Each structure stands twice: as structure tokens, then as C-alpha cells.
Amino acid sequence: MSISRRHFLLFSGTALVSAGTAFSIPNPRPLAKTLRTQTDATHNQMHYTTFETLKDKTFQVLTDQGERLYLQLDQVKDQGQSNFLEQFSLTFRGRKGQSLDQGTYQFEHRQLGQFSLFIVPSGQPNQSAYYQATFSHLIS
């Protein structure tokens, strides 16, 4: 017996939906509300215009080893925007000889508070250390 790809996908999707309804979470709203209140304030500030006003300002970065480093917001670059999507990048500059690996770090700024940011090292290693973060998110 041969089954077409279309019928297989249709049957598999129906089986997954049926299985998913059997294991529903009793009341997911309190958890979602808790997570939202912790992140909404910072998330709502993560826009090009917010960071543009913070250009040349210093941010504290906490490493996994508990060390505090200071990075200056060197560049805020608009990568394009549509009615639904905002895209921009940030370039931070650190002190010469200071290095952070690619990864997610805890940033802090008195206007934005604490937030996590994924950065990637860029630039010349024998000069100041540069790090880039890229944003691409839906406009609500």
C-alpha cells in the first residue's frame, strides 16, 4: 500500500493536534503574565530610537565570572523598517585588550535597567574591542 506525502502530513498533523489537546496545561495565564511583567518594560524599550538617544553612553556588562566590564555604544545603524518589522544593529566599543567571546551577556544601563543581549566580537583584535548586536523584531 502506498500513501502520498500529502495524506501522510495531513494524518500526522491531525494526530499531533489530537495528542496535544489531551495534555493541555490547566491554567497557563499566571505563568505567562509573570514572564511578561518581567520582560515587557525592557522589551518595549528595545527600539532603534531608544538606542539612538543612548549613542556614546556607557553600558555595564556582567561576565559569567562576575567581572564587570564597560562598553560604550559606538554606533546605532538602521537596517531598514517596514510597517511590521524593525531591524537595526548596535556596535559597542570596549577597551583595548578587553575581550568577550560571542554569547549572551547581562547588560545594564540606568535608563534601560538590566537586560540580556547576544553580542558578536567584530573589528581588529589589536585595536579597541568591538561587539555587534543585531535586532529584528515585529512592531506591535
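Before reading further, recall that the structure is shown in the block above.
So, a few notes on the structure that sits alongside this text. (Residues numbered from 1 in each chain as written. Predicted model: local features only at pLDDT ≥ 70, side-chain atom pairs only at ≥ 80, totals over all residues. Heavy atoms only, no water.)

1. A word on the side chain of Thr91
Among the secondary structure elements, Thr91 is positioned in strand 3 (residues 85-93). Setting aside residues no more than four positions away along its own chain, Thr91 makes contact with Gln72, Leu73, Asp74, Gln75, Tyr130, Tyr131 and Gln132. (Helix = DSSP H or I, 4+ residues; strand = E, 2+ residues; numbered from the N terminus. Contact = heavy atoms within 4.5 Å.)

2. Regarding the pattern of salt bridges
In a structure, side chains of opposite charge can pair up when their charged atoms sit close to one another. Summed over all chains, the structure comprises two salt bridges. In this structure, Arg68 engages Glu108 in a salt bridge whose closest nitrogen and oxygen atoms are separated by 3.8 Å. Of this pair, Arg68 sits in strand 2 (residues 68-81) while Glu108 sits in strand 4 (residues 103-109), and the two are 40 residues apart along the sequence. Residue classification places Arg68 among the partly exposed residues on the basis of a relative accessible area of 39%. Judged by its relative accessible area of 28%, Glu108 falls in the partly exposed class. Two residues, Arg93 and Asp74, come together in a salt bridge whose shortest N-O distance is 3.6 Å. With Arg93 in strand 3 and Asp74 in strand 2, the pair connects residues that are 19 residues apart, well separated along the chain. Arg93 sits in the partly exposed class, given a relative accessible area of 28%. (Salt bridge = Lys/Arg side-chain N within 4 Å of Asp/Glu carboxyl O. Buried < 20%, exposed > 50% of the residue type's maximum accessible area, 1.4 Å probe, protein only.)

3. Thoughts on the sheet that holds strand 2
The strand order 1-2-3-6-5-4 describes a closed barrel built from six strands, whose pairing is antiparallel. Taken pair by pair, the neighbouring strands of this sheet meet at an average axis angle of 45 degrees, ignoring direction. With five bridges joining them, strand 1 (residues 58-62) and strand 2 adopt antiparallel strand pairing. Bridging across to strand 2, Val61 finds its partner in Leu69. (Pairing = 2+ DSSP bridges. Axes fitted to C-alpha atoms, helices over the stretch in contact; angles between N-to-C directions.)

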